[in-house]
Structures are given as structure tokens and as C-alpha cells.
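# What the coordinates show
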Amino acid sequence: MASGEKRVEIEKELSFGPVHPALIEPYRIRLFVNDEIVEDCELNINMAYRGIEKLFDGLPVERALLIAERVCGICSHVHAWNAVRVIEGGLSIVVPPRANYIRVLTNEMQRITSHLILFGHAFEVVGHETFAMRSFLLRESFMDLISYVGGNRVMPSVPIIGGVRPRADLTESLKRVILERVDEFEEKYKGYVTRIIEDPLVMSRLTGIGFLTKEDAVRFYATGPTGRASGWDYDVRTKMDEYKPFEFNVITDESCDTKARIVVRALEIFESLKIIRQVVKSLPEGPVVNQSWKAEEMDFTTAYLEAYRGELMHSYALDSHGRIRNYKIRTPTPTNLAAMEHACVGDHVTEAILTIASCDPCLTCCTRAEVVDSGRSRILSDFEIVQKYGWRK
Amino acid sequence: MDNLLFFPLLLIISSVVAAAVAILYSLVLPGIERKVQARIQQRIGPPILTPGFWSVLKFGYKRRIEPTAQIPGLYKSLVYFGVGIIVLIFLFSTPYWWAVLGWGSVLGIAGLLKLEEVLYVLMGSQSQSFLSAGMPVPDLAKGSKHVGIRREFVEQHSAERALKMMAIGSLPFYIALLVPFAMAKSGMISSVVAMQNPAYMLTSEWWSVPLPSNPVIFTLPGIIAALVYFVGYVMLLNEKPFSILKAKIDLIEGGVLEYASKLRAYYYLMRNMLMFALSSIFVTLFIGIPFDPFMPLMMLLNIALSLILPVMLATLVAFSPILTFRQIYPAAIGLSAFGILALVISLGV
Amino acid sequence: MNLKATSRKNAIHIMVAYTGGCNGCDIEIVNAVLSPRYDVEQYRVLLTWNPREADVLIVSGVVTWQMVEPLKKIYESIPEPKGVVAVGACAVNGNVYKNLVGDIGQNEEIWAPVETVIPVDVKVPGCAPRPEDVITGVVKALPKILEAP
Ligand code: SF4
């Protein structure tokens, strides 16, 4: 939220959502506008609250994976992966290198689909249907690959504790298919990106709106492509052991606007392709899963991972029966959205929505409601809010 | 026109035939538009009749449902007005109306079109769909910085944008519309057509096809004006890239959100008719082939040529994003300048 | 076949209401509609975001508390005849959010299945169902609409 240094008179409020073409997910945008200019913005993101962290409490850790994967359907793999990384880190479970390679492979493939969803969505918001459709068409080739590896297009369930599911092991023929598809994809994708960059109308819509300076990005902790588009080269992948064997660049852009956020993602896809090639070409032999582990008491452990939208944190503890206690998830979207609330001030209404879309909000991940009640701040669930305050009049 | 006794009869017959043909044909146009877009987007796309004809029929068969509006009666009547106005615009461009009370002139067309634009403002201020401010979700947090601010329905915002579009967005269209009249040095459609197509007479044989000898579109001011007319056509239809007043991503559909069942069928009809009427008027004014129900071949020619603008429109829609006022203002001003240039040249000629 | 049924069969407007699941279903539906690979428009199905225009409502996701009222409202706003397709395990039975709970025993934050909120005609199970299944689900909802007076 923009810090209100000077108070502006606000003429009216426009609110959209939760069922609205621009925000496919249930959340609500309240724009405070003067004429067409957005003076302030408030995002209500509590409509998808499912109490997911509470569900984990008391579940055996293997079963918890099922829920972890369903935290978000776009980045299902990162959630599943990070959930197992917590326990692997906490109990020092050794993961075979081949398994790590396959996890990285799935991660990068899903990163590409996720970025392509953003393009699809952003171009829907820009109003350019043709580009949106192209992007969805391009995405299909990687959805196919994910389903070849994991068996499902959306929920591949590749990682399990100690490795990957044996079904997800790469066969020689699958390796060949992946390499072929990647080449094919790269060629088409290059054409697609060139066409976007050369389209003057689309570019004029994207450039010069939604500024987010580097200081603000750091202040709001806007990680992922959102922060990198503001020139903050922060990428958890560079710090992760799993990514040590691979060589890739961290893409940053100094221009800080909505265009930068799109361009950074567009270029990141090329880096992902690079990683995929390296994984497939240098895949080590060996087992894919290490089953010699036992769930035992574990202290509160945290794992960080570069999800497709920024830094993701999972953390939990295990009690003496190996059951999960105190699961906490922090997804990149809450901080990114706060940055977006700030960035869209001063733009036209239509552009503000584009700015919000350009940070690729994914709200199902994490929603908690906070109600400031007589000075004390406490966390309420939606159930309690409805009980207490009733439906809006 | 020598027989004054038969004239009213002919007028009525011609109007009925023209309106019927126009309605039927305009129901095919959106399908063609969608199909062209779909092919550009590398997909098969809907069958030609689905977006227009069958949709309208289907909405006609749906159960009535009361719209949420400030004054539902007024809101409902607006769409009937819309259809009426557009049918009249179209009829005024057919030859038998040219002589009636001076309606077949630039004033008749421009005036009615302006009226049609006003309808969008009225619709926007009436409609109150629950999709925006009325959504029953608890969204007013106690700690919010802004309390007690007027919450507006998106349709009202659409009405404000419609006003702006009325003021500046549609200006190029009217300037372009003036050019043929300026070249003919007359305000009547009959003289514009007579200038381009001297062979055409109301009393010609029904099978004859008098082709225009010097169409406006082949002159320098004519071609500039035709281009401006096309962009203005897109603006008047509120299609991309000028669809800001019903931009899907923030206003969903704008003022027409609440029309359901039969009323929606009428709204579809109104939009499609406008698409056809303006494109038929283009053929009449810029090429010189009027829509004459008593000369079927001539009429068919007009209909066939009226495909040009919708197909160009579909291509433009597929390749362009929505522009915001940041881009619309300069675009409209630039286009108006072009239009005025064409006007000046044509007056000088 | 009479004109009424033919017209209804030839133009089907669908609307998507996403009530808070994991996004997976949602994207698959949008995929089914938008991606040129599946392209529902060729089957005479058009996407709309306006309940006043819709014939078939596609609901996905567990219904969270805040989405109950909007969902009811959307359902009411659709003029008759209408059909509802519940897409995804979440909408059909609540998926893991309802059935895989730890200590709390019962998840009170969600209203799944969708049936408890609005009547459902067709259920498309799967997590997430493939776009083909979504299209099949929409087609299965048709007979009810066609036969309605
Ligand atoms: S059914 Fe599965 S994919 Fe669909 S919303 Fe629920 S968890 Fe996500």
C-alpha cells in the first residue's frame, strides 16, 4: 500500500472480483480512482482461504505431500519439492543425484509453463487475443512433457521423500523426446518473442507503466522475476545445492516497468531451456530413490526454493510419531502483491490491472485474514470473520 | 418519383425488404468476423452462424429475467431504441428515403449515430450488475485507509468513458463522413451517389447494374477519408483497439451487462445491425453503389462489398491490444487531422 | 428437432466460476477454451464472463466461505434454462481439503462439494481433469438445456 505522504481527495472506488475476466482467481481489487487515474489500491486476497496450513497438523509426513502439492496448481512441483526438502534437510536424508536432476528438470519445465500462463494472461489483459492463444499453444508442448514424466498434466507428483517416484524416471526414449521437443519449442518460441517485441501497439501498452524501483522492490521483498525486473538480482537458485551442476544466468532488467517484468520472464524461459538440455545430456546413472529413512522427531526446519514467482518458504517440525506439526508456507505472491499495490498508483485503471497481472499473482497459495480489532492485531479465519461480522451489507 | 401516388407504397415495401435483408445479413457478420479471427489465431473457430444467428435465436428462447438497474423500465427500453435508431440509419441510406423530408442526408445519419452513442451513456448509468460493487463478499476491512468513499459500479465508469469517446473518439468518423458530401458540394446522399454513379436512377430496370464511373474512394481525399472512416467505424463499434468503454478486463462489458434473454438478443441485433449499416453506408457513399431493394443485383453487390469493412475489422481486432486513453487521445486527434486534410483537399478540388 | 432446441444446441455460452481450489482446474478450463489445440469454439461453445449471457456454469474448486454468496448470486443471475458443471475433484467431493485432514478432524473453511450450495447437473472428476474431459462435461449438460421449455 502506498504510504500516504500526501492525502489526495478520492473521487470514487471501483472494485472488481472475485469472479471477473481479469482475475481468474478469486480475489478482489479495490481501486481508488480520480477520473481514470488510480490513486490507491487495495487488494483483498482472502477469498481462497482453505485453511491449508491447519490441515497438515497431525498428518503422517508422506500423506502431507498430497496436500502440499495441491497448494497451487500452477506451481505444484515446487510445493511438493520444497515440502520434501524440509524433511530431507532436517533428517539428513541423502537424495541420489539422478533424483535431483529429475526434480530440477520438472521444475524447469513447469517454470516454462508457468511463465507462458503469465504471457497468456497478460496478453488477455492487454487485449491481444492472438498472442494469448499462441502462448497457450506453445505451453501445450511442455504440458505434454510434464505428463510424460509424471503422468498428469497439472499434478505430476514427481518428488517423494528421498528421491523421485520411480515412474518419473527418465527412459532413453523419453530423453530423446524431450530434446526434440525442446529444440522445436525454442524455434517457435523465438519467433513468438520477436513478434511481441516488434509489435509497436503492444509495446506501447506495456512500457512506462507500473514503476517499481529497486529500493521499493527490496523494501517490499518482491522476489522472483518481479524483483529481478527492478534490477535486484536475487535468485535462490544460485544458492541451492541442487542447481550447482548447472550453468545458467540470472536475468535482470533495470527498466523497472511492466515491460521489464514480461521481458525478464521471456528471457528466463531460454535459461530454463538451457538447464533442461544440461539435465538431459548429463543425467547420472543410479537409483532414483533412497528409501532408507524413518520419520522421527525433527526440529523446526525451513527450506527455501526459487518458485516461479519468487522465493518460497516451507517449514515444519515433526513430532515423535513422525507427524507434522506447525506447517508454515510463505509464498512469493503476498509480498509481490504488496509491491504491485504500490506500483500501480498513478496509472490508468486499465493499466493498473495489467500491472497487477504482470507480477503473476497466484493467490490460492496463501491467504490469511487479519482483522485489526481495537488496537490488537490478530489473525482470524474467514469462518470467524463471517461469524463475527456477517456478510457484507 | 413521377408517380406520387405510388411513392408511399414503394417506400414501405422497400423499407420492409431492406430491413429484413439487413437483419438477416447482419446475423451472419459476427460469425464471419469470429471465423477470420480464429483462422488468424490458428484454430478452427465457431461455425459461421453460431455467434450471430443461433445466439440471437437462443437468447430469444431464454426465460425472461429482470435486470438489476436503477430504473429497469428505462433500461429495458433503451435497447429497443437502439435497434430502432439503427434500422432508421440504415433505411435512410436506401434510395427511397433519400427524398423524404431531407432525412437521407449527412445530418440524418450523423444525428442518429450521435443518438446511438448517447444510448451507451444511458445504459451505463442505468445498469447495476452485481459483478463489481454489488458482489456479496466481505471486503470492507475496518483498517482500510479509505473509508466512506463512493463505490461505483463498473457500468457507471463505462458511461464516463462513453462520454469521453463521444467527445473525441468518434470525431474522426464524422469528419470522414463529411468528405463525400463535401466533394459533391451537397448534403444529400442522392447527389453523392449521382456524382459517382450518374447511370444510377431510381427508375432503372430491376435487372440493370449501373456501375459507378468515378467512385470517391479512388480519389486522393477519398482514400484518406476511407481510411479514417474505417478507424472511426472501429471506434463507433467499440471494437478493439478502441473498446475501452467495454474493455473486458476491467469493465467486463460495460453498460450492456445486465441485458438477459430477449433483451440480449435485441442488443446483439443492435450491434450487428450497426456493423452492417455503417459498412453499407460506406459502400453507398464511397463507392457509389446504393442498397436498392428493387434492384436485386445492385443490392447483392452492395452486400458483397459491405463485407470489406467487417473483415478488415476482424483482422485488426486479432492483431491489436486495447488502447487506453493515453493512446486514444493522440490517435483520435491525429486521425481527425487526416480527416480535415481530406476535407480541405476535397473542397479545393 | 425444433428450432428452439437447434438454436440452443448451436450456441452454448459457458461461464467459469472459480471458487478457490488450487488453480489447476481453472487453468485447464481456460486452456480448454483458449488454447488453439482444444478450442471449444469449434464445438459451438463460447466463453463469456457475464452470467446474464451464460447457459452453462462451470464451477471449479472447493467453495470457500467467502465464495458461497457470490456463487449463489451468479447462479441466480443466469436466466433459465441453465446447467451447472462441477469440474475437478475439489468441486465434486472436496478433494484433499475435505478428506485428508489431520488433527482438526473437519475442515470448516470450505463448503465443498459444490452441490451443497447450488444444484449440479454434471460432475467431472479428476485432479485436474484434462481439457477433453471438461469439454465432454459441458456436452453432457446439454440434454437438460435442450429439453427445457
Ligand atoms: S481438483 Fe485438483 S487441480 Fe482442481 S482445483 Fe482441486 S486440487 Fe486443484
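Please refer to the structure placed before this passage.
### Focus on the overall build of chain C
On a plain count of helices and strands, chain C comes out with seven helices and five strands. Each helix (α) and strand (β) of chain C, taken in turn from the N terminus, gives the series α-β-α-β-β-α-β-α-α-β-α-α. Computed over C-alpha atoms, the radius of gyration of chain C comes to 15 Å, within 12% of the 15 Å expected from 2.2 N^0.38 for 149 residues, which places it in the range of a compact globule. Overall, chain C is about 55 × 35 × 20 Å in size when its C-alpha atoms are taken along their principal axes. When the 149 residues of chain C are sorted by exposure, 70% land in the buried category. A separation of at least 24 residues holds for 79% of the contacts in chain C among residues at least 6 apart in sequence. Within the structure as shown, chain C displays about 4600 Å² of accessible surface, and the carbon and sulfur contribution to it stands at 52%. Separation between the mean location of the 14 positive side-chain charges and that of the 17 negative ones in chain C comes to 7 Å.

### Some words on the pattern of salt bridges
Residues and elements named next belong to chain A. With the rule as written, the count across this model stands at 43 salt bridges over all chains. With its nearest N and O atoms 3.0 Å apart, the salt bridge here joins Arg219 to Asp216. Here Asp216 and Arg219 lie together in helix α8 (residues 214-220), a separation of three residues that amounts to about one turn. Its relative accessible area of 14% is what places Asp216 among the buried residues. Across the salt bridge formed by Arg325 and Asp319, the nearest N and O atoms sit 3.2 Å from each other. Through salt bridges that share partners, Glu108, Arg111, Arg228, Asp235, Arg237, Glu268 and Glu306 make up one connected network.

### What to know about a nonpolar patch on the surface
Together, Trp206, Trp207, Val209, Leu211, Leu297 and Leu300 of chain B give the surface a local cluster of nonpolar side chains, amounting to about 660 Å² of exposed area. By relative accessible area, which is 53% here, Leu211 of chain B ends up exposed.

### Quick notes on the environment of Ala159 of chain B
One can find Ala159 of chain B in helix α6 (residues 154-169). C-alpha of Ala159 of chain B to C-alpha of Ser125 of chain B: the two residues are 34 residues apart in sequence and 5.9 Å apart in space.

### A short note on the side chain of Ser114 of chain A
Within the secondary structure, Ser114 of chain A is located in helix α4 (residues 97-126). Once residues lying within four places of it in the same chain are set aside, the contact partners of Ser114 of chain A are Ile74, Tyr308, Arg309 and Asp360 of chain A.

### So, the sheet that holds strand β2 (residues 45-48) of chain C
All names here are of chain C. Strand order in the open sheet formed by five strands is β2-β1-β3-β4-β5, and the pairing between neighbours is parallel. If you trace the sheet from one side to the other, it starts and ends with β2 and β5 (122-124), each paired once. Pairwise comparison of adjacent strand axes, ignoring direction, gives a mean angle of 25° for this sheet.

### Comments concerning the site of the ligand
Contacts to the ligand come from 14 residues, most closely from Cys22, Cys25, Cys90, Asn95 and Cys127 of chain C. Here the shell around the ligand is built from residues that sort into eight nonpolar, five polar and one charged.

### Digging into the interface of chain B and chain C
At the interface, 38 residues of chain B touch 34 residues of chain C. Of the roughly 3100 Å² buried where chain B meets chain C, counting both sides, 60% is carbon and sulfur surface. Together, Lys58, Tyr61 and Lys62 of chain B form the three largest contributors to the area buried by chain B at its contact with chain C, with a combined 20%. Summed over the shared surface of chain B and chain C, the number is seven salt bridges. Between Arg52 of chain C and Glu258 of chain B there is a salt bridge, with the nearest N and O atoms lying 2.6 Å from each other. The interface formed by chain B and chain C contains 19 residue pairs in polar contact (both at pLDDT 80 or more). The set of elements that each furnish at least two residues to the side of chain B that touches chain C consists of α3 (50-61) and α11 (261-287) of chain B.

Rules used in this analysis
Residues numbered from 1 in each chain as written. Chains lettered and ligands numbered in written order. Predicted model: local features only at pLDDT ≥ 70, side-chain atom pairs only at ≥ 80, totals over all residues. Heavy atoms only, no water. Helix = DSSP H or I, 4+ residues; strand = E, 2+ residues; numbered from the N terminus. Rg over C-alpha atoms; globule rule 2.2 N^0.38 Å. Buried < 20%, exposed > 50% of the residue type's maximum accessible area, 1.4 Å probe, protein only. Contact = heavy atoms within 4.5 Å. Areas by Shrake-Rupley, 256 points an atom, 1.4 Å probe, with all protein chains shown as cover. Lys, Arg positive; Asp, Glu negative; His and termini not counted. Charge placed at Lys NZ, Arg CZ, Asp CG, Glu CD. Salt bridge = Lys/Arg side-chain N within 4 Å of Asp/Glu carboxyl O. Patch = residues over 30% accessible without salt bridge, like charges linked within 9 Å, V, L, I, M, F, W, Y side chains within 5 Å. Pairing = 2+ DSSP bridges. Axes fitted to C-alpha atoms, helices over the stretch in contact; angles between N-to-C directions. Near = heavy atom within 4 Å. Nonpolar A, V, L, I, M, F, W, Y, C, P; charged D, E, K, R; others polar. Buried area = accessible area lost by both parts, 1.4 Å probe. Polar contact = N/O pair within 3.5 Å; in protein donor to acceptor, adjacent residues only side chain to side chain.

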